[in-house]
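Here's the letter readout for the chains.
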Amino acid sequence: MSAQPYLEIQADDPERARAFYTGLLGWRFTAVEGLPVAYWRLEAEGLRGGLLERPATTPPAECGTNAFTCSFEVDDIREAAARVERLGGRVALPVFAIPDTCWQGYFLDTEGNTFGLFQVDANAR
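Quick summary incoming for the structure in this document. By convention here, each chain's residues receive numbers from 1 onward along its written sequence. The predicted nature of this model means local features are confined to residues of pLDDT at least 70 and side-chain atom pairs, given and counted, to a pLDDT of 80 or more, with totals for whole chains, interfaces and linings taken over all residues. Just so you know, side-chain values use all the structure's heavy atoms and leave hydrogens and water out.

1. Observations regarding the overall build of the protein chain
Each helix and strand in the protein chain was counted, giving two helices and eight strands. Each helix and strand of the protein chain, ordered N terminal to C terminal, gives the series β-α-β-β-β-β-α-β-β-β. Just to be clear, the radius of gyration here is over C-alpha atoms, and the globule rule we use is 2.2 Å times residues to the power 0.38. For a compact globule of 125 residues, the expected C-alpha radius of gyration is about 14 Å, and the protein chain comes in at 15 Å, within 12% of that figure. Once the C-alpha set of the protein chain is aligned to its principal axes, its extents read approximately 50 × 35 × 30 Å. Secondary structure elements are defined from DSSP: runs of H or I of at least 4 residues count as helices, runs of E of at least 2 residues count as strands, and each element is numbered from the N terminus.

Okay, here's the thing in structure tokens:
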């Protein structure tokens, strides 16, 4: 069985969330009509997903995720981490080395969702 991933981002403020991910990763979103909830299809190279208004209350602050956490590759982890904060996100776990593999960091988007960013680097230490 082949399981192709499809990610969904839940947002209290979908417009704010779309602006965040467009500014950070260059993603585009297209509204999908005829669904029982407001929904935007995510358009990004090699990625399938969508964004919707959060259908339930968010977990309390500082409690960690109760979901899969997705990480996205970037060319410059330090610049991307700074851009997260400029766009209204926060650092959840500062950038650290996964030896001989990559630099990794975890962040909170404008909606409180945890996600990761990584930069491949065989010399990471």
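Moving on from the coordinates now.
2. Quick look at the nonpolar core
In plain words, nonpolar cores are sets of buried Ala, Val, Leu, Ile, Met, Phe, Trp, Tyr and Cys residues tied together by side-chain atoms within 4.5 Å. Think of it in three bands: with a 1.4 Å probe and only protein chains considered, a residue is buried below 20% of the maximum accessible area for its type, exposed above 50%, and partly exposed in between. Formed by 25 residues in total, the largest nonpolar core has its most connected members in W27, F115 and L117. Those elements giving two or more residues to this core turn out to be β1 (7–11), α1 (14–25), β3 (39–44), α2 (77–86), β7 (102–108) and β8 (114–120). Contact partners of F115, with chain neighbours within four places excluded, come to F20, Y21, L24, T69, C70, F72, V84, G105, Y106, F107, L108 and D109. Should any heavy atoms of two residues lie within 4.5 Å, those residues are considered in contact.

3. Considering the side chain of R54
Mapped onto the fold, R54 is located in the loop between β4 (47–53) and β5 (71–73). Judged by its relative accessible area of 13%, R54 falls in the buried class. Those residues in contact with R54 that sit more than four places away from it in its chain are Q10, A11, D12, E111 and N113.

4. Here's the deal with the pairing of β3
We call two strands paired when DSSP finds no fewer than two bridges between them. Where strand β2 (residues 28–32) meets β3, five bridges bridge the pair, whose relative direction is antiparallel. Residue F29 lies in a different strand from β3, and its bridge partner there is L42. Taken together, β2 and the strand that follows it, β3, pair antiparallel across an intervening segment of six residues, in which G34 is found at a positive phi of about 85°. Across six bridges, β3 lies against β4 in antiparallel orientation. By the bridge assignment, W40 is partnered in β4 with L51. Where β3 folds back onto β4 in an antiparallel hairpin, the turn is made up of two residues, including G46, whose phi is positive at roughly 70°.

5. Section: the packing of aromatic side chains
Centre-to-centre distance and the angle between the planes together describe a pair of aromatic rings. Paired rings are identified among Phe, Tyr and Trp, the last through its six-membered ring, by centres lying within 6.5 Å, and are further divided according to the angle between planes into stacked (under 30 degrees), edge-to-face (over 60) and tilted (the rest). Throughout the structure, instances matching the rule amount to seven aromatic pairs. A ring pair is formed by F20 and Y21, whose centres lie 5.0 Å apart and whose planes are at 90°; its orientation type is edge-to-face. By relative accessible area, F20 is classed as buried at 1%. Residue class for Y21 comes out buried when judged on its relative accessible area of 3%. With a centroid separation of 5.9 Å and 35° between ring planes, the pair formed by F107 and F115 is classed as tilted.

6. Brief notes about the packing of α1 against α2
Only the stretch in contact is used when fitting a helix axis, every axis being a line fitted to C-alpha atoms; angles between N-to-C directions are given from 0 to 180 degrees. Running from N to C, α1 and α2 cross one another at 155°; their axes reach a closest spacing of 10 Å. Between α1 and α2, the angle is such that the two are roughly antiparallel. Two packed elements cross with a definite hand, and for α1 against α2 that hand is right-handed. Counted together, F20, G23 and L24 of α1 and A80, R83 and V84 of α2 form the full contact between these two elements. Per-class residue counts for the contact of α1 with α2 are four nonpolar, one polar and one charged. With respect to orientation, any angle under 35 degrees is reported as roughly parallel, any angle over 145 as roughly antiparallel, any angle of 65 to 115 as roughly perpendicular, and every other angle as oblique. For any helix crossing, the convention is left-handed if the near helix is rotated counterclockwise from the far helix by under a right angle, and right-handed if that rotation is clockwise. Residues are sorted three ways: Asp, Glu, Lys and Arg are charged, Ala, Val, Leu, Ile, Met, Phe, Trp, Tyr, Cys and Pro are nonpolar, and all the rest, Gly among them, are polar.

By themselves, these are just geometric observations and shouldn't be taken as functional.
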